[in-house]
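Listed below, chain by chain, are the residues.
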Amino acid sequence: MINKGGSAVAAPLPVQITCASAFRTSGVVAGGGEVPQHIAFIVDGNRRWARERGLPPEEGHRRGAENICRALEWCEAAGIRITTWWLLSTDNLNRSPGELRELMNIIGDLVRLLATSHRWRIRHLGDPAMLPSSLVTELKEAAARSAGDVLRPQVNLAIGYNGRDDIVEAVRTVVLETALAETGANASLDVTEKRIADALSTRGQPDPDLVIRTSGEHRLSGFMAWQTSMAELHFCPVMWPDFRRTHLESALDDYAGRKRRFGV
């Protein structure tokens, strides 16, 4: 699209979100195994997908955002109550200003589309100080508009997010709260696992049961470093824009076939 000044403007995401599908409350996959309550996605490979096709990076990001909309509907239909999407790491902020500008615009389009669908509760994970003020406003408004309906599936958008920073900020919060609550010679530094978990960006939510990463990379790159300590991992070889419902079903079947012992 071209604005009145003659410069290029990215078009809104050309996808439509349909009305809510019948939510599957059985919590089982076709083979009889359990469905994860919370899936965290590392949506990797957008730039490589574009480069392989001779397209600019922003086209890969745009196709990736469109695919998130589709995948959210697949997850809802499968009975998954919480999904987390790593859209932008703190390391990604070192990319070129032009690519970041386009990416922020695309993320803003995605946030607006999800918010106006009234299908999901939205929460932002990450440092808002690292993001454009306009995007921060969009995220706050989307979270506020969707917070009241606890029956909606939860969508966490990790933007400007780093797992270690999440832990550091949680510990800082606990230490500060303890210092303010207890003074004097008998004050104790009561830092517990539960208090840290309750101070993380995902407070009030169960940790991910399953992490899915696309593009063939076999690492978490610091994503949700605390929350994924007991998660099952599934690595998919396709780039995120090429991720299809069959890939999700394969990941769910893989998860259902595992025996989660939690050390017992």
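Heads up: the structure comes first, above all this text.
Residues numbered from 1 in each chain as written. Predicted model: local features only at pLDDT ≥ 70, side-chain atom pairs only at ≥ 80, totals over all residues. Heavy atoms only, no water.

Student: Help me understand helix 7 (residues 245-256) in this model?
Tutor: An α-helix turns once per 3.6 residues; consequently, residues spaced three or four apart project the same way. Across its 12 residues, helix 7 extends 16 Å between first and last C-alpha, which sits within 8% of the 16 Å expected from 1.5 Å per residue. The inward-facing, buried residues of helix 7 abut strand 1 (38-42), helix 2 (57-78), strand 5 (210-213) and strand 6 (232-235). (Helix = DSSP H or I, 4+ residues; strand = E, 2+ residues; numbered from the N terminus. Expected span 1.5 Å × (residues − 1). Contact = heavy atoms within 4.5 Å.)

Student: So what exactly am I meant to see when it comes to the packing of aromatic side chains here?
Tutor: Where two aromatic rings form a pair, the distance of their centres and the angle of their planes describe that pair. Taken as a whole and judged by the stated rule, the model has eight aromatic pairs. With centroids separated by 4.1 Å and ring planes inclined at 0 degrees, the aromatic side chains of Phe-41 and Trp-85 adopt a geometry described as stacked. Taken as a pair, Phe-41 in strand 1 and Trp-85 in strand 2 (residues 82-89) lie far apart in primary sequence, 44 residues in all. Like Phe-41, the residue Trp-85 is buried in the burial classification. With a centroid separation of 4.9 Å and 20 degrees between ring planes, the pair formed by Trp-240 and Phe-243 is classed as stacked. (Phe/Tyr/Trp six-rings, centres within 6.5 Å; stacked < 30°, edge-to-face > 60°. Buried < 20%, exposed > 50% of the residue type's maximum accessible area, 1.4 Å probe, protein only.)

Student: Before we go on, may I ask you to explain the sheet that holds strand 5 in this structure?
Tutor: One open sheet holds the six strands; their spatial order is 3-4-2-1-5-6, and the pairing between them is parallel. Both outer strands of the open sheet, strand 3 (121-125) and strand 6, are each paired with one neighbouring strand and no more. Recorded for the sheet is a direction-independent mean angle of 20 degrees between the axes of neighbouring strands. Looking at chain direction, strand 1 and strand 2 are connected through five bridges and run parallel. Looking at strand 2, one finds that His-38 is bridged to Ile-82. (Pairing = 2+ DSSP bridges. Axes fitted to C-alpha atoms, helices over the stretch in contact; angles between N-to-C directions.)

Student: Looking at this structure, I do not really get the side chain of Thr-178. What am I missing?
Tutor: Locating Thr-178 in the fold gives a position in helix 5 (residues 163-181). Here Val-174 takes part through its backbone oxygen, which lies 2.8 Å from a polar atom of the side chain of Thr-178. (Polar contact = N/O pair within 3.5 Å; in protein donor to acceptor, adjacent residues only side chain to side chain.)

Student: Please clarify how the pattern of salt bridges should be interpreted in this entry.
Tutor: Enumeration according to the criterion identifies 22 salt bridges in this entry. Taking the shortest distance from any N to any O, the salt bridge between Arg-53 and Glu-52 comes out at 3.7 Å. Overall, the relative accessible area of 38% leaves Arg-53 in the partly exposed class. A salt bridge links Glu-249 to Arg-245; the nearest nitrogen and oxygen atoms lie 4.0 Å apart. Separated by four residues within a single helix, Glu-249 and Arg-245 lie in helix 7, roughly one turn from each other. You can call Arg-245 partly exposed: its relative accessible area is 39%. Shared partners join several salt bridges into a network, and the residues in it are Asp-44, Arg-48, Arg-213, Glu-217 and Arg-219. (Salt bridge = Lys/Arg side-chain N within 4 Å of Asp/Glu carboxyl O.)

Student: I would appreciate a short explanation of the side chain of Ser-146 in the present structure.
Tutor: Summarising the element assignment, Ser-146 is placed in helix 4 (residues 133-146). Of the polar contacts made by the side chain of Ser-146, one reaches the backbone nitrogen of Ile-122; its length is 3.0 Å. Setting aside chain neighbours within four positions, we find Ser-146 in contact with Trp-120, Arg-121, Ile-122 and Arg-152.

Student: Sorry if this is basic, but what is going on with the environment of Asp-209 here?
Tutor: Among the secondary structure elements, Asp-209 is positioned in the loop between helix 6 (193-197) and strand 5. C-alpha separation for the pair Asp-209 and Ile-39, spaced 170 residues apart in sequence, amounts to 6.1 Å.

Student: How should helix 5 be read in this particular structure?
Tutor: Its 19 residues place the ends of helix 5 27 Å apart at the C-alpha level, agreeing with the 27 Å of an ideal helix rising 1.5 Å per residue. Looking only at helix 5, the buried set comprises Gly-163, Asp-166, Ala-170, Val-174 and Thr-178. Considered in projection along helix 5, the buried side chains sweep an arc of 100 degrees and stay on one side of the axis. Along helix 5, the residues that are exposed and aim more than 90 degrees away from the buried face are Arg-164, Leu-176 and Leu-180. The inward-facing, buried residues of helix 5 contact strand 4 (154-161) and helix 6. (Arc of directions from axis to C-beta.)

Student: When you look at the pairing of strand 1 in this model, what are you seeing that I'm missing?
Tutor: For a regular strand, side chains alternate in direction, first toward one face of the sheet and then toward the other. In terms of burial, strand 1 is a largely internal element, five of the five residues being buried. Residues His-38, Ala-40 and Ile-42 line one face of strand 1 and the alternating positions Ile-39 and Phe-41 line the opposite face, and both faces are buried. The sheet contact formed by strand 1 and strand 5 spans four bridges and is parallel. Each bridged residue has a counterpart across the sheet, and for Phe-41 the counterpart in strand 5 is Ile-212.

Student: It is not clear to me how the environment of Pro-208 should be interpreted in this structure. Could you clarify?
Tutor: Mapped onto the elements of the fold, Pro-208 is located in the loop between helix 6 and strand 5. Residue Pro-208 is classed as buried on the basis of its relative accessible area of 4%. On a C-alpha basis, the gap between Pro-208 and Gln-37 in space is 7.5 Å, while along the polypeptide they are 171 residues apart. With sequence-adjacent residues up to four places away left out, Pro-208 is seen in contact with His-38, Ala-40, Met-224, Gln-227, Thr-228 and Ala-231.

None of the figures reported here should be taken as evidence of function without further support.
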